[in-house]
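The lines below spell out each chain.
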Amino acid sequence: MDIPIADVMIHIDETLPRDALTKLENTVRQDECVISASVPTGKEHMMLVAYNPNCTSATDILARVNKQGIHAELVGL
């Protein structure tokens, strides 16, 4: 069974240490509709998220990030 996959890039305004970024990645992945979430080394202000658009949206994912007290914006892909 194929599921649709959408990608979104989220710009993180704050400079966060790696442990905080890892915690944020894990928090975003807790959404059952998120397939992956990662902040690449060397690009600590950008989080790439792959998700199933049939059960969540980019704005919902951004809201999850913002609920952690992190200022961020959708960049898109």
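Before reading further, recall that the structure is shown in the block above.
To keep things clear, this report deals only with the structure shown in the data block. For clarity, every value in this text was computed on a predicted model and none was experimentally measured.

1. Regarding the overall build of the chain
Then comes step 1: Helices and strands together make up the secondary structure of the chain, namely two helices and four strands.
Then comes step 2: Mapped in sequence order, the helices and strands of the chain form the string β-α-β-β-α-β.
Then comes step 3: The globule rule puts the C-alpha radius of gyration for 77 residues at 11 Å, and the 12 Å found for the chain is close to it.
Then comes step 4: Reported as C-alpha extents along the three principal axes, the dimensions of the chain are approximately 40 × 20 × 20 Å.
Then comes step 5: Counting every position in the chain, which comprises 77 residues, the buried fraction comes to 36%.
Then comes step 6: At a minimum sequence separation of 6, the contacts of the chain that also span at least 24 residues come to 62%.
Then comes step 7: A total accessible area of about 4600 Å² is found for the chain, and carbon and sulfur atoms account for 53% of it.
Then comes step 8: Side-chain charges of the chain comprise 6 positive and 11 negative groups, with the mean position of each set lying 5 Å from the other.

2. Section: the nonpolar core
Looking at soluble globular proteins, one finds that nonpolar side chains tend to be buried together.
Then comes step 1: Of all hydrophobic cores here, the largest spans 20 residues; its most connected members are I10, I12, V28, M47 and V49.
Then comes step 2: Of all elements in the fold, only β1 (6-12), α1 (18-29), β2 (34-38), β3 (46-51) and α2 (58-66) reach the threshold of two or more residues within this core.

3. Some details on α2
Then comes step 1: Along α2, the positions that sit buried rather than exposed are A58, I61, L62 and V65. On an axial view of α2, the arc spanned by its buried residues comes to 100 degrees, and they lie on one face.

4. Regarding the pairing of β1
Then comes step 1: By the criterion of burial, β1 is predominantly enclosed, with five of the seven residues buried.
Then comes step 2: Strand direction decides the pairing type here: β1 and β3, joined by six bridges, are antiparallel. Bridging from a neighbouring strand, V8 pairs with V49 of β3.
Then comes step 3: Bridging between β1 and strand β4 (residues 72-74) involves three bridges; their strand directions are antiparallel. In the sheet register, I12 faces β4, and the bridge partner there is A72.

5. Regarding the state of the cysteines
Then comes step 1: Taken as a whole and judged by the stated rule, the model has one disulfide.
Then comes step 2: The disulfide bridge from C33 ends at C55, spanning 2.0 Å between sulfur atoms. Pair noted here: C33 is in the loop between α1 and β2 and C55 is in the loop between β3 and α2, with a separation of 22 residues, a long-range link.
Then comes step 3: On the accessibility criterion, C33 (6% relative accessible area) is buried.
Then comes step 4: The partly exposed category is assigned to C55, whose relative accessible area is 42%.

Rules used throughout
Residues numbered from 1 in each chain as written. Predicted model: local features only at pLDDT ≥ 70, side-chain atom pairs only at ≥ 80, totals over all residues. Heavy atoms only, no water. Helix = DSSP H or I, 4+ residues; strand = E, 2+ residues; numbered from the N terminus. Rg over C-alpha atoms; globule rule 2.2 N^0.38 Å. Buried < 20%, exposed > 50% of the residue type's maximum accessible area, 1.4 Å probe, protein only. Contact = heavy atoms within 4.5 Å. Areas by Shrake-Rupley, 256 points an atom, 1.4 Å probe, with all protein chains shown as cover. Lys, Arg positive; Asp, Glu negative; His and termini not counted. Charge placed at Lys NZ, Arg CZ, Asp CG, Glu CD. Core = buried A, V, L, I, M, F, W, Y, C linked by side-chain atoms within 4.5 Å. Arc of directions from axis to C-beta. Pairing = 2+ DSSP bridges. Disulfide = S-S within 2.5 Å.

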